[in-house]
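The residues making up each chain are set out below.
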Amino acid sequence: DAGITQSPRYKITETGRQVTLMCHQTWSHSYMFWYRQDLGHGLRLIYYSAAADITDKGEVPDGYVVSRSKTENFPLTLESATRSQTSVYFCASSSETQYFGPGTRLLVL
Amino acid sequence: GIQVEQSPPDLILQEGANSTLRCNFSDSVNNLQWFHQNPWGQLINLFYIPSGTKQNGRLSATTVATERYSLLYISSSQTTDSGVYFCAVSQGAQKLVFGQGTRLTINP
């Protein structure tokens, strides 16, 4: 199906574990983004990518790692999850207009 | 960095009413977009509007870039319009900075 998808949609993990959130888009958009959404903070940019193999930090990158070996995929890894990383994570892609995936709800216990 | 302020923070209306949501930004931008987050959390792009006016059905938006504000108009509100409306701007590289949103509640 065309569009932008995220997996998993829901994830429960424990402090210290590594977690990878997946993002896949079918539009061949150059730009892809990861945001987190928390009550009281709105949407904050974690990392973004202008093209395959080009990534850069956003507003809140600490504790996260990204890669982009293929244009269509942009995984986000929490190397050692912390409770403060409990959040809703949105992936997005854009050529000009930005389109969001459905989100991943992550709970870190 | 650039600041984005949205007003009002909350708005409660009856079905059929019209509303105007405002977005002020602190510096010049080359990209401004409006999004709707529905009660299920899905974020939908409404408009890409760095300047000028656009209309899509009951929704329209106007951006006056020289005065650093944008307005989103919703006419004849329906309960499905409920949710949070976000304005987001960029000064380059398509990195959007989001406002805190306006929570709109439409009562039947």
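A brief report on the enclosed structure follows.

Calculation notes
The numbering scheme is per chain: residues are counted from 1 as the chain's sequence reads. By the order in which they are written, chains take letters starting at A while ligands take numbers starting at 1. For this predicted model, a pLDDT threshold of at least 70 governs which residues receive local features, and a threshold of 80 or more governs which side-chain atom pairs are given and counted, while totals over whole chains, interfaces and linings are taken from all residues. The basis for every side-chain value is the complete set of non-hydrogen atoms in the structure, without hydrogens or water. For this analysis, residues touch if any pair of their heavy atoms sits within 4.5 Å. Buried area: the accessible area, evaluated with a 1.4 Å probe, that two parts lose upon being put together, summed over both parts. A pair is scored as a salt bridge if a Lys or Arg side-chain nitrogen falls within 4 Å of a carboxyl oxygen belonging to Asp or Glu. Under this definition, polar contacts are N or O atom pairs within 3.5 Å; protein pairs additionally need one hydrogen-donor-capable and one acceptor-capable atom, and for neighbouring residues in sequence, both atoms have to be side-chain atoms. Gly falls in the polar group here, along with every residue not listed as nonpolar (Ala, Val, Leu, Ile, Met, Phe, Trp, Tyr, Cys, Pro) or charged (Asp, Glu, Lys, Arg). Only protein chains enter the accessibility calculation, which uses a 1.4 Å probe; a residue is then buried when its area is under 20% of its type maximum, exposed when over 50%, and partly exposed in between. Secondary structure follows DSSP: runs of H or I at least 4 residues long count as helices, runs of E at least 2 residues long count as strands, and numbering of each begins at the N terminus. Strands were regarded as paired on the criterion that DSSP finds at least two bridges between them. In this analysis, axes come from line fits to C-alpha atoms, helices being fitted only over the stretch in contact, and the angle between any two N-to-C directions falls in the range 0 to 180 degrees.

Okay, the interface of chain A and chain B next. The interface of chain A with chain B comprises 17 residues on the first partner and 15 residues on the second. Of the roughly 1,500 Å² buried between chain A and chain B, counting both surfaces, carbon and sulfur atoms make up 55%. Contact with chain B buries area across many residues of chain A, yet L43, E96 and F100 of chain A alone supply 31% of it, more than any other trio. Summed over the shared surface of chain A and chain B, the result is zero salt bridges. Taken together, the connections running from chain A to chain B amount to six residue pairs in polar contact (both at pLDDT 80 or more). In terms of residue class, the side of chain A that touches chain B is made up of eight nonpolar, eight polar and one charged.

Inspection of the entire model under this criterion finds five salt bridges over all chains. Between R44 of chain A and D38 of chain A there is a salt bridge whose closest N-O contact spans 3.0 Å. Across the pair, D38 of chain A and R44 of chain A agree in class, each one buried. The shortest N-O distance in the salt bridge between R58 of chain B and D81 of chain B comes to 2.9 Å. Taken as a pair, R58 of chain B in the loop between β6 (52–56) and β7 (59–64) and D81 of chain B in the loop between β8 (69–74) and β9 (83–90) lie far apart in primary sequence, 23 residues in all. Among the residues examined, R58 of chain B registers a relative accessible area of 25% and is labelled partly exposed. Residues participating in the shared-partner salt-bridge network are R36, D38 and R44 of chain A.

Residue and element names in this part refer to chain B. Taken together, the five strands give an open sheet; going across it, the order is β1-β3-β8-β7-β6, and neighbouring strands pair in antiparallel fashion. A strand with exactly one partner marks an edge of an open sheet, and here the two such strands are β1 (4–7) and β6. Adjacent strand axes in the sheet meet at a mean angle of 15 degrees when their direction is disregarded. Strand direction decides the pairing type here: β1 and strand β3 (residues 19–25), joined by four bridges, are antiparallel. Residue Q6 lies in a different strand from β3, and its bridge partner there is C23.

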